[in-house]
Amino acid sequence: MSDVKKLIGGALSEIIEAARTGGPRVKVGLMAHGSEHGPEELAIGGRLAQQNNQGVQVVMIGPKVEGYDDLQWIETDPCDADISKAMEAAISDGTIAGAVALHYPFPMGVTTIGRVLTPAKGKDMIVASSTGTSAINRVEAMIRNAIYGIATAKAMGKTNPTVGILNVEGAQLVFKALNKLKGNGYDITFGESLRADGGSVLRGNDILAGAVDVCVCDTLTGNVLMKMFSSFNTGGSYEALGWGYGPSAGGGWSKVISIISRASGAPVIANAVAYNAEVAKGGHSEKVASEVAAAKKAGLEDIIKGILPKPECSEEVVAPPAEPTDEEIHGVDVLSIEDAVRELWKNKIYAESSMGCTGPVVKLPGKHMEKAKELLAQAGYL
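Keep in mind that what you see is a predicted model, and the values were worked out from it rather than measured.

A. Structural detail: helix H3 (residues 80-92). An ideal rise of 1.5 Å per residue puts 18 Å on 13 residues; H3 measures up with 18 Å between its terminal C-alpha atoms. Looking at H3, one finds that the buried residues are Ile83, Ala86, Met87, Ala90 and Ile91. Angularly, the buried residues of H3 cover 135 degrees about the axis, an arc narrow enough to put them on a single face. Turned more than 90 degrees away from the buried face of H3 sit Ala81, Lys85 and Ser92, all of them exposed. Its buried side turned inward, H3 meets strand S1 (26-31), strand S2 (56-61), strand S3 (72-74), strand S4 (98-101) and strand S12 (257-259). One or two residues past the end of H3 sits Gly94, with phi positive at roughly 85 degrees.

B. Layout of the side chain of Thr131. Tracing the backbone through its elements, the reader meets Thr131 in strand S6 (residues 123-133). Judged by its relative accessible area of 15%, Thr131 is buried. Within the structure, the side chain of Thr131 is placed 2.5 Å from the side chain of Thr112, a separation counted as a polar contact. The residues touching Thr131, leaving out its near neighbours within four places in the chain, are Phe106, Thr111, Thr112, Thr219, Asn223, Tyr245 and Ile259.

C. Local environment of the pairing of S1. Burial runs high along S1: 5 of the 6 residues are buried. With 6 bridges connecting them, S1 and S2 associate as parallel partners. Each bridged residue has a counterpart across the sheet, and for Val26 the counterpart in S2 is Val56. Direction of pairing for S1 relative to S4: parallel, over a ladder of 3 bridges. Across the sheet, residue Val28 finds its bridge partner in S4, namely Gly98.

D. Here's a closer look at the packing of helix H4 (residues 138-155) against helix H10 (residues 300-307). Viewed as axis vectors pointing N to C, H4 and H10 meet at an angle of 150 degrees, and their least axial separation amounts to 10 Å. Relative to H10, the element H4 lies roughly antiparallel. Between H4 and H10 lies a crossing whose hand is right-handed. Only Leu300, Glu301, Ile304 and Ile307 of H10 make contact with H4, whose side of the interface consists of Val139, Glu140, Ile143, Arg144 and Ile147. Of the residues assigned to the contact of H4 with H10, the class counts are 6 nonpolar, no polar and 3 charged.

Conventions we followed
- Residues numbered from 1 in each chain as written.
- Predicted model: local features only at pLDDT ≥ 70, side-chain atom pairs only at ≥ 80, totals over all residues.
- Heavy atoms only, no water.
- Helix = DSSP H or I, 4+ residues; strand = E, 2+ residues; numbered from the N terminus.
- Expected span 1.5 Å × (residues − 1).
- Buried < 20%, exposed > 50% of the residue type's maximum accessible area, 1.4 Å probe, protein only.
- Arc of directions from axis to C-beta.
- Contact = heavy atoms within 4.5 Å.
- Polar contact = N/O pair within 3.5 Å; in protein donor to acceptor, adjacent residues only side chain to side chain.
- Pairing = 2+ DSSP bridges.
- Axes fitted to C-alpha atoms, helices over the stretch in contact; angles between N-to-C directions.
- Parallel < 35°, antiparallel > 145°, perpendicular 65-115°, else oblique.
- Left-handed = near helix turned anticlockwise from the far one by under 90°.
- Nonpolar A, V, L, I, M, F, W, Y, C, P; charged D, E, K, R; others polar.

Structure, rendered in structure tokens:
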């Protein structure tokens, strides 16, 4: 009879808690070992997450920290392998909906979607991506990162997130590919740079102001951005701002595992847990699968094949006689700028590559401007 009473008591407690918080609480696992600031920092972060978000229940995984009995615990030895095994088991059996880890061996094709607080206007911005890698080739990875970033924003409830591409190598190729997807029916809304010349390729000013909802970049650049945004006013050893390196995303990937750094402080840890709970509740894995399916329907794989590096041709192209260059063509990616110049040379148009304030440009005589644009567009450089 006592067991029956316990079951009834537990059920009633869950009903009362659900009524108090407005629904069932989302359980999120949090690794309790491995922080550079000690295990208590993780426990403090877990407690903050639970106190600040009534719909979240934190499940600490690792050696128990005394004084934190308000948190649920899955106790393990202070061994990374044991903690990871317990975390995996808790995800698999449904004990937790997602998890926040200090490290995780994501397979190739899986990346994480970070989230930062932009200082100019106090606006949050998604950084796609910040750890892991969605593809070996940078341009392909950034195209896929854009799709995963959109899915993550939608899991947060942003129905029409704006997208911009950070002005790194490959940005123009990424924009061109995403524009083709849009033209083929994929639903993407491009944001605008705050600078006078506008466009969807972002400069540093834009990311400081949070000009878009989703900033697309390669993982290594995204990782640096995360660290800069989170610890620019602490000297770097303590990440104090933002939501961490974000939940995992990839084709066929179904686990909602978020990453924090060993330098992440309690405020970031708490936000990372809340971010994980938010997207888990919003159907993150399903949103990713839906966005990938929509992009594939719009020709994603063929578009990617079209922009991947092609085998070098042994054809030698000689520049035509030099002429004064008084016009510029913008929009050619830096990775393709020399090939674009040679394309014009092949057609007897003198041109030079140069780097302007907003990126690479092709300089050429104004009398050839229209023909040159037509040739570069036909060859796929514009």
